[in-house]
Number of protein chains: 2
Amino acid sequence: MNFSYVNPTKIFFGQQQIAAIKDAIPADQKVLVIYGGGSIKKNGVYDQVAEALTGHEWSEFSGVEPNPTKETLDKAVAIVKDQNIDFILAVGGGSVIDGSKYVAAASKYDGDGWDIMIGKHQVTEATPLAAILTLPATGSESNMGAVITKAETQDKLPFMSPAVQPKFAVLDPDVMKTLPERQLINGIVDAWVHVCEQYITLPTDAMVQDGYAETLLKTLKMLGEQFAERDDDKWRANLMWSANQALNGLIGSGVPHDWATHMIGHELTALWGVDHARSLAIIQPSLLRNQMQFKRAKLEQMGRNVFGLESGDDLAERTIEAIEAFYHQLGVATQLDNYGESREQAIDAIIDQLNKHGMTVLGENQAITLERSREILELAVS
Amino acid sequence: MNFSYVNPTKIFFGQQQIAAIKDAIPADQKVLVIYGGGSIKKNGVYDQVAEALTGHEWSEFSGVEPNPTKETLDKAVAIVKDQNIDFILAVGGGSVIDGSKYVAAASKYDGDGWDIMIGKHQVTEATPLAAILTLPATGSESNMGAVITKAETQDKLPFMSPAVQPKFAVLDPDVMKTLPERQLINGIVDAWVHVCEQYITLPTDAMVQDGYAETLLKTLKMLGEQFAERDDDKWRANLMWSANQALNGLIGSGVPHDWATHMIGHELTALWGVDHARSLAIIQPSLLRNQMQFKRAKLEQMGRNVFGLESGDDLAERTIEAIEAFYHQLGVATQLDNYGESREQAIDAIIDQLNKHGMTVLGENQAITLERSREILELAVS
């Protein structure tokens, strides 16, 4: 249990907190507000941001798509460079914030931004950025990671750098009031799998980390069960805070991480546009079954501590069934579709993508080879 | 549930992490190492620090006592000023780190350092400091608070400022190997009460904060039960991390805080030198019983979730008994001694001190007047 940990992103949590950006961004900074498809203009968030930025010089860039693409983001990079932008304010969910991290990093680099994604350029400098979160799910608002897609080649790749960690993040649960049901469900599932990727691994001695992870899983489970009560301040605040905590580095300090579900899931999104969270729910149960030799002990612990299941030889198997039931209750599928192709073609396409992206040895035990990934996918369609 | 939260202290956790200070303190900084009675010379920590500081210009100040006094610390303040010290490295437990925070703040102030404690001087600037923790208990290594005593008047007062938050903290569980049993026990009790002060309050909707607090309480409870296994890496690492988490601001974000047990306990320490942790164990059970109208719901929750008690009308009362049993099992008393005076004299002395220090309306409901404090003390001797 050796680790270093710090999370320098200041959190402003609660109703009416968007106004806090006025003082949080130095008055002399020229700001670029980056957002997505325009929902923030309908739900009042844009107006709150504009009001708070009164006195600042600012401009905007809109149109960042879900699974943000290099092609779109490079236009924002050009604006930051041309207009000498000092500060980037991402207003949106994980896609907008991830995209803004790419813009922040690429705007301090003379070459092609994609060099960052393929490891050709190491990010040590970035335009400072902050986030106003409008969709709790990815935790991107207070971590140093981002996932970007190259539309031209259907490549979806991650990068990490302390330089792109947001300076602050505003988490106002009221912004969730107008979110579609599907996005709320995706947020719950995404946060849930983030916790699992750092928890369902070989057992460790880390009692605090395990207990925190179980707290988040129990909270998300309860929010899923109480989905009918989603138009409630309490429900919204707890989802927003647990999704943040799920991926801010804390529960993952000093313990093994898996992330294989994410790496395989990314290819479903890149190939067929599957919602990120839903790609995870498709892959995870089959992956856990395939990797049972490593996952059994922690699944048993999860069964007892999160689902309150009785002990028994098949406790780990029952825990996976309980995870599936949790997804199904939210209307989220756990089987792989063919996406209009034959079953073999679909699986071949995913395996080809994994191979192309170097995702040939995945998981905390480096046990998920392409052969194992194929087994997992076959299990997911059966 | 509105709050802002950030913890900028970088944690280096694990065995052999003291070496990390070499790169964490800029090479051109002139360092003052502050420590206590010299135990770090016996257990090898001093040598590790000296080794890591090779290449830095550094000097040392020793002799910071438990419940550090202004009188001692002002000598270190003079050194920082006279020698133009750039960086303070506190090597010790809560007393040394708290004392170093006072030194850091007072060294940037022209007047008497005690002005900080009585609120006459607002701290906005301090000499940068960091901590090497040798005794897990107070959480001072990654928070912005400190408690300082004026020996002359037996005043023990707290101050807080973001300026004295350590830049980094080294938590190497191996430093605990040579700690006396009494200090380990005090550490468990201190961390336990820190969690309780932020948890046993009126119920809120904060599911994550409650679950995290319960995780820490369950961890500390298990470490107490497994006290015989204290010479074990796992035991040490879990105590060190849970004591840190107990008071780094996270579990207290967006929820009410009590701290009345601390304020009353401080007077026992100031008057008769009672160990800080032991003063808390004396006050807390009686305070909970006295404030039952506010504490019942959360005590019931604690009884179920931390102690695994069955429901029932007297669940809150049984939870307080379980807390007492937890202290007694560690050999920690929960009754107020007379400290060589008559019972009435002892209580009068404490009440006089509380009055003098303005501690006349305490607790998260501002319900603990001097009259209530007297009731609590009488309950604690009965």
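Under an unreviewed UniProt entry, chain A has the name NADH-dependent alcohol dehydrogenase and belongs to Vibrio parahaemolyticus. Taken directly from UniProt, the Cofactor (unreviewed entry) text for chain A runs: "Fe cation".

> Go over empty space enclosed by the protein, please, and point to the residues and values.
Counted under the stated rule, the structure contains 4 cavities of 30 Å³ or more. The volume enclosed by the largest cavity comes to roughly 220 Å³. Secondary-structure elements contributing two or more residues to the lining of the largest cavity are β1 (3-13) and α9 (233-246) of chain A together with β1 (3-13) and α9 (233-246) of chain B. Considering only residue class, the lining of the largest cavity consists of 10 nonpolar, 12 polar and no charged. Around the second largest cavity sit V193, C196, E197, I200, D258, T261, Q284, L287, L288 and K295 of chain A, which together line it. When residues of the lining of the second largest cavity are traced back to their parent elements, those giving at least two are α7 (181-199) and α11 (276-290) of chain A.

> Report on the packing of α7 of chain A against helix α8 (residues 207-225) of chain A, specifying residues and quantitative values.
Angle between the axes and distance between the axes: these two values describe a pair of packed helices. All names here are of chain A. In the contact formed by α7 and α8, the axes pass within 10 Å of each other and the chain directions differ by 155°. Put simply, α7 runs roughly antiparallel to α8. In this structure, α7 crosses over α8, and the sense of that crossing is left-handed. Residue-level contacts link I188, A191, W192, V195, C196 and Y199 of α7 to D210, A213, E214, L216, L217, L220, K221 and G224 of α8.

> Lay out the sheet that holds strand β8 (residues 168-171) of chain B in plain terms, naming residues and giving numbers.
The sheet built from 12 strands is open, its strands ordered β3(A)-β2(A)-β4(A)-β5(A)-β8(A)-β1(A)-β1(B)-β8(B)-β5(B)-β4(B)-β2(B)-β3(B) with mixed pairing. The sheet is open, and its two edges are formed by β3 (58-61) of chain A together with β3 (58-61) of chain B, each paired on a single side. On average, each strand axis in the sheet is inclined to that of its neighbour by 25°, with strand direction left out of account. Inspection of the sheet shows strand β2 (residues 31-34) of chain B paired to strand β4 (residues 87-92) of chain B by 4 bridges, in the parallel sense. Its bridge partner lying in β4 of chain B, L32 of chain B is registered against I88 of chain B.

> Give a description of the pairing of strand β2 (residues 31-34) of chain A that names residues and reports values.
Residue and element names in this part refer to chain A. Burial along β2 is two-sided: the residues V31 and V33 and L32 and I34 are all buried. Of the pairings in the sheet, the one linking β2 to β3 comprises 4 bridges and is parallel in character. Residue pairing in the sheet places V33 in a bridge with E60 of β3.

> Could you give me a rundown of the interface of chain A and chain B, with the residues and numbers involved?
By a widespread convention, an interface's size corresponds to the accessible area lost as its parts come together. Contact with chain A, which involves 35 residues of that partner, is made by 35 residues of chain B. Each partner contributes to the roughly 3100 Å² buried at the junction of chain A and chain B, and carbon and sulfur atoms together form 64% of this total. On the chain A side of the contact with chain B, M207, Y212 and W241 of chain A bury the most area, a combined 21% of that side's loss. Run the count over chain A and chain B and you get 0 salt bridges. Counting only elements with at least two residues in the side of chain A that touches chain B, the list comes to β1, α8 and α9 of chain A. Residue contributions to the side of chain A that touches chain B peak at 11 residues, all from β1 of chain A. Within the side of chain A that touches chain B, the residues separate by chemical class into 18 nonpolar, 14 polar and 3 charged.

> How would you sum up the domain arrangement of chain A? Please name residues and give values.
Residue and element names in this part refer to chain A. When the domains of chain A are assigned, the result is domain 1 (8-173) and domain 2 (180-378). For domain 1 and domain 2, the distance between their C-alpha centres works out to 26 Å. Taken together, the two surfaces of domain 1 and domain 2 that pack against each other cover about 2000 Å², and 60% of this comes from carbon and sulfur. On the domain 1 side of the interface with domain 2, the three residues burying the most area are P136, Q154 and K156, jointly 28% of the side's total. Our enumeration of links across domain 1 and domain 2 arrives at 1 salt bridge. The salt bridge involving K356 is made with D155; its shortest N-O contact spans 2.9 Å.

Calculation rules
- Residues numbered from 1 in each chain as written.
- Chains lettered and ligands numbered in written order.
- Predicted model: local features only at pLDDT ≥ 70, side-chain atom pairs only at ≥ 80, totals over all residues.
- Heavy atoms only, no water.
- UniProt positions renumbered as here; feature names shortened; annotations may be inferred.
- 1 Å grid on protein atoms, 1.4 Å probe; cavity = no way out; pocket = protein on both sides within 12 Å on 5 of 7 lines; lining within 4 Å.
- Points joined across faces, edges and corners; volume = space filled by probe spheres on them.
- Helix = DSSP H or I, 4+ residues; strand = E, 2+ residues; numbered from the N terminus.
- Nonpolar A, V, L, I, M, F, W, Y, C, P; charged D, E, K, R; others polar.
- Axes fitted to C-alpha atoms, helices over the stretch in contact; angles between N-to-C directions.
- Parallel < 35°, antiparallel > 145°, perpendicular 65-115°, else oblique.
- Left-handed = near helix turned anticlockwise from the far one by under 90°.
- Contact = heavy atoms within 4.5 Å.
- Pairing = 2+ DSSP bridges.
- Buried < 20%, exposed > 50% of the residue type's maximum accessible area, 1.4 Å probe, protein only.
- Buried area = accessible area lost by both parts, 1.4 Å probe.
- Salt bridge = Lys/Arg side-chain N within 4 Å of Asp/Glu carboxyl O.
- Domains from an automatic or database assignment.

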